[in-house]
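Each chain is listed here by its residues.
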Amino acid sequence: MENKEMNTEKIKFYKKHPVLLAWLISIFIGLGYALFTIIASVIHYEQRDYVWEIIKAFTEMFTWAILMGAVLVFPVVLTISEVICLICEERGHPVKGDWLFDQHAFWLGGFYEICYLGLIMDVTSADWQTQLSNSNKHTPIYSGSMVTFIVLLLLAFIGYEILQSIPLRKLPPLVTVLSISSMYLGLLELILFTVQIFKPTILLDGYLLLFPLCCVLLVVRLLLKKIREWNALMQNAEAEHFGTGKIYQNPMLRWCDSILRKAAWWPVLGLVLMFPLLGILIAILMLFGQAPDSVIKAFTETSDWNLSLRQAPQNVMYDEHYLCTVAAGGHEKVVKPIRLGRRHGHEVIVNRQLCIANAFEQVLEERTPGFHQALRHFYDTYGFPVARLIHSKYTADLVYFIMKPLEWIFLCVLYLTDAHPENRIAVQYIGKTAAQVEELYL
């Protein structure tokens with residue numbers, strides 16, 4: 001009997017705190033996966049100190065469980081919870097605290113999506129005209145239309161909060177319909193944004209579908225909730241007072257009021273009023289410098305994405321070679337880039353200093369392979385960290401001037417050891433040897 005009472009109390013507790021239950025499920029799933037991977041790795045660990053590895057693994061397991069549960073599992077659990085809440089609402093048994101799921105979907109979903117774009121997809125805030133480097137991508141939303149994009153999302157959230165927090169008996173029917181229209185606009189924009197960034201060939205991009213799916217589910221559930229609330233309100237004794245007033249003295253106003261008071265029409269009316277509401281918003285935003293077609297330009301005036309109509313300049317590959325970084329990242333009047341070249345299968349910008357340094361290294365490799373190997377090891381140890389410190393044009397210019405004395409020494413060595421030094425310099429980063437270029441020249 002005591003066990004049954006305890007189980008009943010637990011069930012009641014979790015019914016009162018469904019979001020906590022969703023988090024616990026996510027953490028336990030993450031814990032199970034982390035435990036499985038750690039045990040599998042320990043079983044295959046062949047050294048004698050495997051006991052210490054087990055202790056170390058278990059200390060890390062809880063951290064991995066929390067991270068995996070929060071980042072990978074909870075979005076799926078949250079989407080399933082929204083589906084369950086919608087089914088319960090449709091059956092007339094709403095889940096207590098369902099608005100907490102909605103808040104998680106809004107804030108946590110948006111935060112995860114921003115992190116995914118920035119950390120996984122390497123998205124920047126630069127527009128399509130800007131030349132980027134390595135794997136960077138341009139912004140999926142045109143900066144000139146960013147205000148319109150943010151305003152529409154903010155308006156949709158305000159419309160949701162109005163319907164969720166204010167009882168219908170205190171809310172005019174037209175405000176209700178306009179709130180529905182604003183949510184429709186936000187959903188449409190969110191779906192377009194998902195179409196813009198989603199790539200079906202990337203498995204992890206499937207998580208990008210969860211955020212708009214949760215938003216669609218919570219909007220449908222809120223509409224069902226408000227329609228049921230209005231129908232219940234009209235059946236109460238207070239509904240008798242709705243038919244009185246000066247508005248019923250005007251046939252046109254009486255007809256409009258009768259349509260607005262039919263809750264079943266609200267989703268359709270919200271769709272109809274969505275376009276006038278969008279027109280009013282565009283007219284207001286034009287006063288703040290937004291273009292009339294900023295809603296469309298937000299997605300088309302971009303590059304690298306599904307709805308993009310612009311072709312951005314090809315990314316410059318720095319390849320962590322600090323002289324490559326200098327040639328591509330410094331001021332043109334200082335570093336004097338001369339052409340494009342190829343390094344490790346991708347294009348790089350080269351200048352004379354870079355070509356001289358690479359030609360000098362080529363001579364060392366041919367004449368003194370042992371010394372070249374030691375020098376190469378030194379460069380790999382200290383050169384790449386230097387390249388990561390070059391984050392501005394002025395820093396690249398400074399490194400260019402610091403390398404000038406070495407450039408002159410390299411040039412002197414080339415003129416002392418090579419019969420055709422300029423030919424060797426000219427062929428750097430073009431995929432041809434000095435002998436091939438000399439042959440073509442002759």
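Structure shown above.
Residues numbered from 1 in each chain as written. Predicted model: local features only at pLDDT ≥ 70, side-chain atom pairs only at ≥ 80, totals over all residues. Heavy atoms only, no water.

A. Main features of the pattern of salt bridges. Under the criterion given, the structure shown has eleven salt bridges. We note a salt bridge from Glu229 to Lys226, for which the minimum N-O separation is 3.0 Å. With a gap of three residues between them, Glu229 and Lys226 both fall in helix α7 (residues 210-235), about one helical turn apart. On the basis of relative accessibility, which here comes to 4%, the residue Lys226 falls in the buried class. Among the ionic pairs, Arg352 bridges to Glu422, the shortest N-O distance being 3.0 Å. One end of the pair, Arg352, is in helix α13 (residues 352-367); the other, Glu422, is in helix α17 (residues 421-426), and 70 residues separate them in sequence. Overall, Arg352 belongs to the partly exposed group, its relative accessible area being 35%. Here the residues in one salt-bridge network are Glu82, Asp98, Asp102 and Arg221, joined through shared partners. (Salt bridge = Lys/Arg side-chain N within 4 Å of Asp/Glu carboxyl O. Helix = DSSP H or I, 4+ residues; strand = E, 2+ residues; numbered from the N terminus. Buried < 20%, exposed > 50% of the residue type's maximum accessible area, 1.4 Å probe, protein only.)

B. Up close: the environment of Arg339. Summarising the element assignment, Arg339 is placed in strand β1 (residues 337-343). Judged by its relative accessible area of 26%, Arg339 falls in the partly exposed class. Separated by 91 residues in the primary sequence, Arg339 and Ile430 have C-alpha atoms spaced 10.0 Å apart. Among the polar contacts made by the side chain of Arg339, one reaches the main-chain carbonyl oxygen of Ala426 at a distance of 3.2 Å. (Polar contact = N/O pair within 3.5 Å; in protein donor to acceptor, adjacent residues only side chain to side chain.)

C. The nonpolar core, seen in detail. Counting 38 residues, the largest nonpolar core has Ile180, Met183, Leu185 and Trp266 as the members making the most contacts within it. Every element with two or more residues in this core is listed here: α2 (18-43), α3 (50-90), α4 (98-120), α5 (146-165), α6 (173-197), α7 and α9 (266-286). Excluding residues within four positions of it along the chain, Met183 makes contact with Ala156, Gly159, Tyr160, Leu163, Val219 and Leu222. In terms of nonpolar packing, the next biggest core, distinct from the first, is built from 16 residues, Leu364, Val399, Phe410 and Tyr429 among them. (Core = buried A, V, L, I, M, F, W, Y, C linked by side-chain atoms within 4.5 Å. Contact = heavy atoms within 4.5 Å.)

D. Region of the structure containing the state of the cysteines. Scanning the model with the defined rule gives zero disulfides in all. Residue Cys215 stays outside any disulfide, its sulfur separated by 6.9 Å from that of Cys214, the closest cysteine. Relative accessible area serves as the criterion here: at 4%, Cys215 is assigned to the buried category. (Disulfide = S-S within 2.5 Å.)

E. Region of the structure containing the packing of α6 against α9. Close contact between α6 and α9 brings their axes to 7 Å; oriented N to C, the two are set at 75 degrees. By the criterion of interaxial angle, the relationship of α6 to α9 is roughly perpendicular. Along its contact with α6, which presents Leu174, Thr176, Val177, Leu178, Ile180, Ser181, Ser182, Tyr184 and Leu185, the element α9 presents Trp266, Pro267, Leu269, Gly270, Leu271, Leu273, Met274, Leu277, Leu278 and Leu281. Grouping the constituent residues of the contact of α6 with α9 by class yields 15 nonpolar, four polar and no charged. (Axes fitted to C-alpha atoms, helices over the stretch in contact; angles between N-to-C directions. Parallel < 35°, antiparallel > 145°, perpendicular 65-115°, else oblique. Nonpolar A, V, L, I, M, F, W, Y, C, P; charged D, E, K, R; others polar.)

F. Highlighting the packing of α5 against α7. Between α5 and α7, the shortest axis-to-axis distance is 10 Å and the interhelical angle comes to 35 degrees. The element α5 and its partner α7 pack so that their crossing is left-handed. Every residue of α7 that contacts α5 at Tyr160, Leu163 and Gln164 is listed here: Leu218, Leu222, Lys225 and Lys226. Split into classes, the residues belonging to the contact of α5 with α7 amount to four nonpolar, one polar and two charged. (Left-handed = near helix turned anticlockwise from the far one by under 90°.)

G. Highlighting unusual backbone geometry. Non-glycine residue Asp122 carries a positive phi angle of around 60 degrees. Tracing the backbone shows Asp122 in the loop between α4 and α5. Although it is not a glycine, Asp304 adopts a positive phi angle of roughly 80 degrees. Note on placement: Asp304 falls in the loop between α10 (294-300) and α11 (322-329).

H. Spatial organisation of the side chain of Ser294. Among the structural elements, Ser294 can be located in helix α10. Ser294 sits in the buried class, given a relative accessible area of 3%. When sequence neighbours within four positions are dropped, the list of residues in contact with Ser294 reads Ser145 and Thr148.

I. The arrangement of a nonpolar patch on the surface in detail. Taken together, the side chains of Val71, Leu72, Leu119, Ile120, Ile202 and Leu204 make up a nonpolar region of the molecular surface, amounting to roughly 540 Å² of accessible area. Breaking the nonpolar patch down by element, the ones donating at least two residues are α3 and α4. On the secondary structure map, Leu119 appears in helix α4. (Patch = residues over 30% accessible without salt bridge, like charges linked within 9 Å, V, L, I, M, F, W, Y side chains within 5 Å. Areas by Shrake-Rupley, 256 points an atom, 1.4 Å probe, with all protein chains shown as cover.)

J. Fine view of α6. End to end, α6 covers 37 Å across 25 residues, agreeing with the expected 36 Å (1.5 Å per residue, within 8%). Of all 25 residues that make up α6, 18 are buried, and the element is covered over most of its length. (Expected span 1.5 Å × (residues − 1).)

K. How the structure looks around the packing of aromatic side chains. One pass over the full model with this rule turns up nine aromatic pairs. When the centroid spacing of 5.7 Å and the interplanar angle of 70 degrees are considered together, the rings of Tyr400 and Phe401 count as edge-to-face. Given the relative accessible area of 7%, Tyr400 is considered buried. Through pairs of rings, three or more aromatic residues link up here, namely Phe106, Trp107, Phe157 and Tyr160. (Phe/Tyr/Trp six-rings, centres within 6.5 Å; stacked < 30°, edge-to-face > 60°.)

L. Just α5, in detail. Its 20 residues give α5 an end-to-end C-alpha distance of 28 Å, which sits within 8% of 28 Å, the value for a rise of 1.5 Å per residue. Where α5 is buried, its residues contact α4, α6, α7, α9 and α10.

M. The side chain of Ser308, seen in detail. Relative to the helices and strands, Ser308 is located in the loop between α10 and α11. By relative accessible area, Ser308 is classed as buried at 17%. Among the polar contacts listed, one links the side chain of Ser308 to the side chain of Thr302, at a separation of 2.7 Å. Those residues in contact with Ser308, other than ones at most four positions away along the chain, are Gln196, Phe299, Thr300, Thr302 and Ser303.

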